[in-house]
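# Secondary and tertiary structure notes
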Amino acid sequence: MDVRSLGRVGVLLGGRSGEREISLMSGNGVLEALLSKGVDAHPFDTGLRCPTELAKEKFDRIFITLHGRYGEDGTIQGLLELLGLPYTGSGVLASALAIDKIATKLVWLSSSLSTPEFEELKADSDWNAVVKRLGLPLIVKPAHEGSSLGLTKVKSVEELPAAYQLAAAMDKKVIAETCIVGDELTCPLVGFGSDAEALPVIKIIPPEANYDFHNKYFSDETKYLCPTDLAPEVNKAVQELALAAYRALGCRTWGRADVMLDQKTGKPYLLEMNTSPGMTSHSLVPMAAKAAGVDYAELVLWVISQTLNSKGVRSA
């Protein structure tokens, strides 16, 4: 493609969420890739500058590398629509749904897609009743955070109050869900609607089975298998489930579905959908794209090229 058709590209990075550090890493990687392809790209840190200053920059389109709240939740997408700026990733509604783990699950359940049993926790929740319904171990986490921030694997009812307090310190909304024991998988997705496609599935093997913030982004001990060592029919089932989850939320351009494969039944369960995937050296979408024959810079160029068909109005 003629990169001049992209015009002046703004790369939104940093932001104000708990994932700021990762967003800076993603954004700088994307910026370097765009520049290497001859794109007129410029960084814009929404954590240091007021997003309303975007209008002064005369950008023609935006590559969003913000993660978490104030960047992946529909807020920045709404502003960009008001400014008439085409942008990468999902629109307002899909972004707002996907950032809320409870709303996401309700959409998936309405589409008969498998996801772990869950309930919203409150300060006055009956902890014994929660354990009786969801079983042990269970996962407690903020409903609007990513990168495993504020997440606790609870192994006894006595651990529940502290797990709730940790998550509640980050978010007014806290979710508890049944812990699915088995292989941890992720499936990146690209495109929109009936044209959406699943990239190769990745199997994640973190040290001590703990895929926390450090092991996601900074540890060299975490192992990734892409292609996986799973049977072809299992990979296909995970891809089909991830695609259905992506379409049910109305996601577009790209995303990544996190999945657990139950070791007892072999059934895959959806955990969450990421609508602004990481683009760091440890990130999973570039890894899957590489397995499909697309390198990092080509992936970045493809993602921003999708805005050429947009008029900046993204209702889904």
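Basis of the calculations
Residues numbered from 1 in each chain as written. Predicted model: local features only at pLDDT ≥ 70, side-chain atom pairs only at ≥ 80, totals over all residues. Heavy atoms only, no water. UniProt positions renumbered as here; feature names shortened; annotations may be inferred. Axes fitted to C-alpha atoms, helices over the stretch in contact; angles between N-to-C directions. Helix = DSSP H or I, 4+ residues; strand = E, 2+ residues; numbered from the N terminus. Parallel < 35°, antiparallel > 145°, perpendicular 65-115°, else oblique. Contact = heavy atoms within 4.5 Å. Nonpolar A, V, L, I, M, F, W, Y, C, P; charged D, E, K, R; others polar. Pairing = 2+ DSSP bridges.

An unreviewed UniProt entry lists the protein chain under the name D-alanine--D-alanine ligase, with Polynucleobacter arcticus given as the organism. The UniProt entry for the protein chain carries this comment under Catalytic activity (unreviewed entry): "2 D-alanine + ATP = D-alanyl-D-alanine + ADP + phosphate + H(+)". UniProt's Function (unreviewed entry) comment on the protein chain is quoted here verbatim: "Cell wall formation."

## Describing the packing of helix α4 (residues 101-110) against helix α8 (residues 232-249)
In the contact formed by α4 and α8, the axes pass within 10 Å of each other and the chain directions differ by 110 degrees. Accordingly, the angle class assigned to the pair α4 and α8 is roughly perpendicular. Along its contact with α4, which presents T104, V107 and W108, the element α8 presents A245, A248 and L249. Split by residue class, the contact of α4 with α8 holds five nonpolar, one polar and no charged.

## Considerations on the sheet that holds strand β5 (residues 138-142)
The pairing of strands in a sheet comes from backbone hydrogen bonds and takes either a parallel or an antiparallel form. Judged by pairing direction, the sheet is antiparallel, and its four strands sit side by side in the order β4-β7-β5-β6 without closing on themselves. The outermost strands of the open sheet, each flanked by one partner alone, are β4 (118-121) and β6 (152-154). The sheet shows a mean angle of 25 degrees between the axes of neighbouring strands, taken without regard to direction. In terms of strand pairing, β4 meets strand β7 (residues 174-178) through four bridges, oriented antiparallel. Counterpart to E119 in the pairing with β7 is A176.

## Brief notes about the pairing of strand β10 (residues 202-205)
With three bridges joining them, strand β8 (residues 182-190) and β10 adopt antiparallel strand pairing. Residue T186 lies in a different strand from β10, and its bridge partner there is I202. As paired elements, β10 and strand β11 (residues 223-225) share three bridges and run antiparallel to each other. When the bridges of β11 are listed, I204 appears paired with Y224.

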